[in-house]
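# Per-entry structural report
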Amino acid sequence: MAENNDKILSINHLQKSFGDHQVLRDISFNINKGEIVSIIGPSGGGKSTTLRCINLLEEPTGGEILFHGENVLEAGYDRNKFRSRVGMVFQQFDLFENKNVLQNCMIGQQLVLKRSKEEAERIALENLRKVGMEPFINAKPKQLSGGQQQRVAIARAISMNPEVLLFDEPTSALDPEMVGEVLDVMQKLATTGLTMVIVTHEMGFAKNVSDHVLFISDGIVTEEGAPEQIFDQPQNEKTQKFLRNFK
Ligand code: ADP
Ligand code: MG
């Protein structure tokens, strides 16, 4: 289990409003090196917005995001550098349709990290092998199943060597028979020391893989704790009600 002095990110009283609609009211939690944090909770509760604020796809309207102790929201902070340290895997894979699998895993490395073509290719192949997609390097995304596409998206994300990888319901868009292959890849990644924040409805997976679980509803961290505590002895009424629907 990660120690507190290995803190990578500290989310402090994060708030986000869209116009008059306050979506995030008070979100606080820490992400320690090597830790797997799962976020569960009802639809519309603010889970995606939390992730999108963390990697600055959305601009928070309040609070702090401390990355190694520095507030990334402060003027003058190098946001591009921060973004390149935080990866994201989306529900809808988001691959470049006109590029093949290998190219998909190389572009970001070349453009953002300025790696040579040779190095980018070597790293892409290494990671495509890890997710079992090496045999498909010449395929276009449309020729692949959803599960395969998501595994490519994961290989692409880890090819950028992120310090933290955020997953927003990575299996929700998949046919049921493909969920397992993606969860297997994620489970394997979790054992490599990669720091991961995972929004998921896969409760069994969250219970098995997580070091820490957050229950977010109505824009607040309603309850948090070790997986055994959240799943077996939830204290908050909302958590209890939510989890009953998964039994
Ligand atoms: P979750 O991921 O937990 O289902 P979201 O973070 O997607 O929840 O959404 C929380 C709330 O924020 C919802 O009411 C949603 O309609 C609203 N919301 C999310 N993104 C936007 C946006 N870009 N503009 C306006 N409202 C949004
Ligand atoms: Mg969501």
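What counts, and where the lines are drawn
- Residues numbered from 1 in each chain as written.
- Chains lettered and ligands numbered in written order.
- Predicted model: local features only at pLDDT ≥ 70, side-chain atom pairs only at ≥ 80, totals over all residues.
- Heavy atoms only, no water.
- pLDDT = per-residue confidence, 0-100.
- Helix = DSSP H or I, 4+ residues; strand = E, 2+ residues; numbered from the N terminus.
- Expected span 1.5 Å × (residues − 1).
- Contact = heavy atoms within 4.5 Å.
- Near = heavy atom within 4 Å.
- Polar contact = N/O pair within 3.5 Å; in protein donor to acceptor, adjacent residues only side chain to side chain.
- Areas by Shrake-Rupley, 256 points an atom, 1.4 Å probe, with all protein chains shown as cover.
- Nonpolar A, V, L, I, M, F, W, Y, C, P; charged D, E, K, R; others polar.
- Axes fitted to C-alpha atoms, helices over the stretch in contact; angles between N-to-C directions.
- Parallel < 35°, antiparallel > 145°, perpendicular 65-115°, else oblique.
- Left-handed = near helix turned anticlockwise from the far one by under 90°.
- Core = buried A, V, L, I, M, F, W, Y, C linked by side-chain atoms within 4.5 Å.
- Buried < 20%, exposed > 50% of the residue type's maximum accessible area, 1.4 Å probe, protein only.
- Lys, Arg positive; Asp, Glu negative; His and termini not counted.
- Salt bridge = Lys/Arg side-chain N within 4 Å of Asp/Glu carboxyl O.
- UniProt positions renumbered as here; feature names shortened; annotations may be inferred.
- Phe/Tyr/Trp six-rings, centres within 6.5 Å; stacked < 30°, edge-to-face > 60°.
- Lys NZ or Arg CZ within 6 Å of the ring centre and 35° of its normal.

## Notes on the confidence of the model for the protein
Low-pLDDT portions of the prediction should not be read for the details of their coordinates. For the protein, the mean per-residue pLDDT works out to 96, and 98% of the residues sit at or above 70. For this predicted complex, the interface confidence reaches an ipTM of 0.98, while the overall pTM sits at 0.96.

## Comments concerning helix α4 (residues 117–130)
An α-helical turn contains 3.6 residues, so any two residues separated by three or four positions project in the same direction. Counted at 1.5 Å a residue, the expected span for α4 with its 14 residues is 20 Å, and the 20 Å between its end C-alpha atoms agrees. Looking at the buried residues of α4, the elements they touch are α3 (101–111) and α5 (146–158). Positioned one or two residues after α4, G132 has a phi angle of 75°, which is positive.

## Re the site of ligand 1
Around ligand 1, the neighbouring residues are F18, H21, V23, P42, S43, G44, G45, G46, K47, S48 and T49. A distance of 2.7 Å separates an oxygen atom of ligand 1 from a polar atom in the backbone of G44. With respect to ligand 1, the backbone of G45 contributes an N or O atom lying 3.2 Å from an oxygen atom. When ligand 1 is considered free in solution it has 560 Å² of accessible area, and contact with the protein chains removes 61% of it. Contributing elements (two or more residues each) for the shell around ligand 1: β2 (21–32) and α1 (47–54). Broken down by element, the shell around ligand 1 gets its largest block of residues, three residues, from α1. Of the residues assigned to the shell around ligand 1, the class counts are three nonpolar, seven polar and one charged.

## Here we look at the packing of α5 against helix α6 (residues 176–190)
Working note: a packed helix pair is described by the angle between its axes plus the distance between those axes. Direction vectors running N to C along α5 and α6 enclose 20°, while the axes themselves pass 8 Å from each other. Here α6 runs roughly parallel to α5, going by the angle between their axes. For the pair α5 and α6, the crossing hand works out as right-handed. Residues G146, G147, Q148, Q150, R151, I154 and I158 of α5 pack against M178, E181, V182, V185, M186 and L189 of α6. Grouping the amino acids of the contact of α5 with α6 by side-chain chemistry returns seven nonpolar, four polar and two charged.

## Focus: the nonpolar core
By size, the foremost hydrophobic cluster in this structure holds 38 residues, and its most contacted members are L128, V152, I154, F167, M186 and M196. For this core, the elements supplying multiple residues, two or more each, are α3, α4, α5, β7 (164–168), α6, β8 (195–199) and α7 (203–209). It is α6 that provides the largest number of residues to this core, a total of eight residues. Ignoring sequence-local partners within four residues, the contact set of M196 consists of E35, I36, V37, L165, F167, M186, L189 and A190.

## Describing the side chain of K16
Structurally, K16 is set in strand β1 (residues 7–18). Despite being buried, K16 has no salt bridge partner; E58 is the closest side chain of opposite charge, sitting 4.1 Å away. From its side chain, K16 meets the backbone oxygen of E59 in a polar contact 2.7 Å long. The residues touching K16, leaving out its near neighbours within four places in the chain, are H21, Q22, V23, L24, T49, C53, E58, E59, P60 and T61.

## Examining unusual backbone geometry
Of note, F93 is a non-glycine position whose phi angle comes to about 55°, a positive value. As for its position among the elements, F93 is in the loop between β6 (86–89) and α3. Despite not being glycine, E169 shows a phi value in the positive range, around 45°. Secondary-structure assignment places E169 in the loop between β7 and α6. Overall, the relative accessible area of 13% leaves E169 in the buried class.

## Structural notes on the environment of R122
Among the secondary structure elements, R122 is positioned in helix α4. C-alpha separation for the pair R122 and I11, spaced 111 residues apart in sequence, amounts to 35 Å.

## Re the UniProt feature "domain: ABC transporter" (unreviewed entry) in the protein
Per the UniProt record, the feature "domain: ABC transporter" (unreviewed entry) sits at residues 9–243. In this annotation, residues 9–243 is assigned 37% helix and 26% strand; the end-to-end C-alpha distance for the span is 28 Å.

## Thoughts on the packing of aromatic side chains
Within the structure shown, the criterion is met by three aromatic pairs. With a centroid separation of 5.0 Å and an interplanar angle of 70°, the aromatic rings of F67 and F82 are classed as edge-to-face. With F67 in strand β4 (residues 62–67) and F82 in helix α2 (residues 79–85), the pair connects residues that are 15 residues apart, well separated along the chain. Using a relative accessible area of 7% as the deciding quantity, one classes F67 as buried. K16 extends its terminal NZ or CZ atom over the ring of F18, reaching a point 5.0 Å from the ring centre.

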